[in-house]
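For reference, the chains in residue letters:
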Amino acid sequence: MRGTLAAVVLAGVVAAVALPAPAIAREHSGGAGRTEITVADLPHEARTTLRRIHDGGPFPYERDGITFGNRERHLPREPHGYYHEYTVKTPGVHNRGARRIICGGARSTPDSCYYTDDHYQTFRKIRE
């Protein structure tokens, strides 16, 4: 019995060590282990959204520019109000869809921006 209990405890420790990394570091659609994406590799619609962010608008969606709370802490921790979210149009979708760009810092001159195409589950830093 004692050997079985030790095996169960050991299996639990191994499973805990093998848990996935935080969402920002997980690979997602685009290459082994990539945590960044270049502007050139963004979908056309995301490049358009990024250009609008740098131009200060106009934005096609009413909620573009609202504060992104980062409640799940998938992005680096910053004070509330630091991050803002912008919709990336998804062809064929009649609502806002799942694609977003989240930027931190000043609205038209952000410190950094992140792209998600799965509604905040994973993020890749946009390398500009």
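These lines cover the structure that appears in this document, whether it is placed above or below. (Residues numbered from 1 in each chain as written. Predicted model: local features only at pLDDT ≥ 70, side-chain atom pairs only at ≥ 80, totals over all residues. Heavy atoms only, no water.)

**Quick look at the overall build of the protein chain**
- Helices and strands together make up the secondary structure of the protein chain, namely two helices and six strands.
- Each helix and strand of the protein chain, ordered N terminal to C terminal, gives the series α-β-α-β-β-β-β-β.
- Counting all 128 residues of the protein chain, 32% fall into the buried class.
- Counting only contacts in the protein chain whose residues sit at least 6 apart along the sequence, the fraction spanning at least 24 positions is 44%.
- As displayed, the protein chain has an accessible area near 7900 Å², and 56% of this comes from carbon and sulfur atoms. (Helix = DSSP H or I, 4+ residues; strand = E, 2+ residues; numbered from the N terminus. Buried < 20%, exposed > 50% of the residue type's maximum accessible area, 1.4 Å probe, protein only. Contact = heavy atoms within 4.5 Å. Areas by Shrake-Rupley, 256 points an atom, 1.4 Å probe, with all protein chains shown as cover.)

**Observations regarding the nonpolar core**
- Core analysis: the biggest nonpolar cluster contains 12 residues, these being Ile37, Leu42, Ala46, Leu50, Ile53, Tyr86, Val88, Ile101, Cys103, Cys113, Tyr115 and Ile126.
- Of all elements in the fold, only helix H2 (44-55), strand S4 (100-105) and strand S5 (110-116) reach the threshold of two or more residues within this core.
- Tallying contributions element by element places H2 first for this core, with three residues.
- Core analysis: the second largest hydrophobic core is formed by eight residues, Phe68, Tyr82, Tyr83 and Tyr120 among them. (Core = buried A, V, L, I, M, F, W, Y, C linked by side-chain atoms within 4.5 Å.)

**Looking at the state of the cysteines**
- Within this structure, the stated rule accounts for one disulfide.
- Shown here is the disulfide that connects cysteine 103 with cysteine 113, its sulfur atoms set 2.1 Å apart. Judged by the torsion about the S-S bond (105°), the cysteine 103/cysteine 113 disulfide is right-handed. Here cysteine 103 is found in strand S4, whereas its partner cysteine 113 is found in strand S5, with 10 residues between them in sequence. Here cysteine 103 and cysteine 113 have matching classes, each one buried. (Disulfide = S-S within 2.5 Å.)

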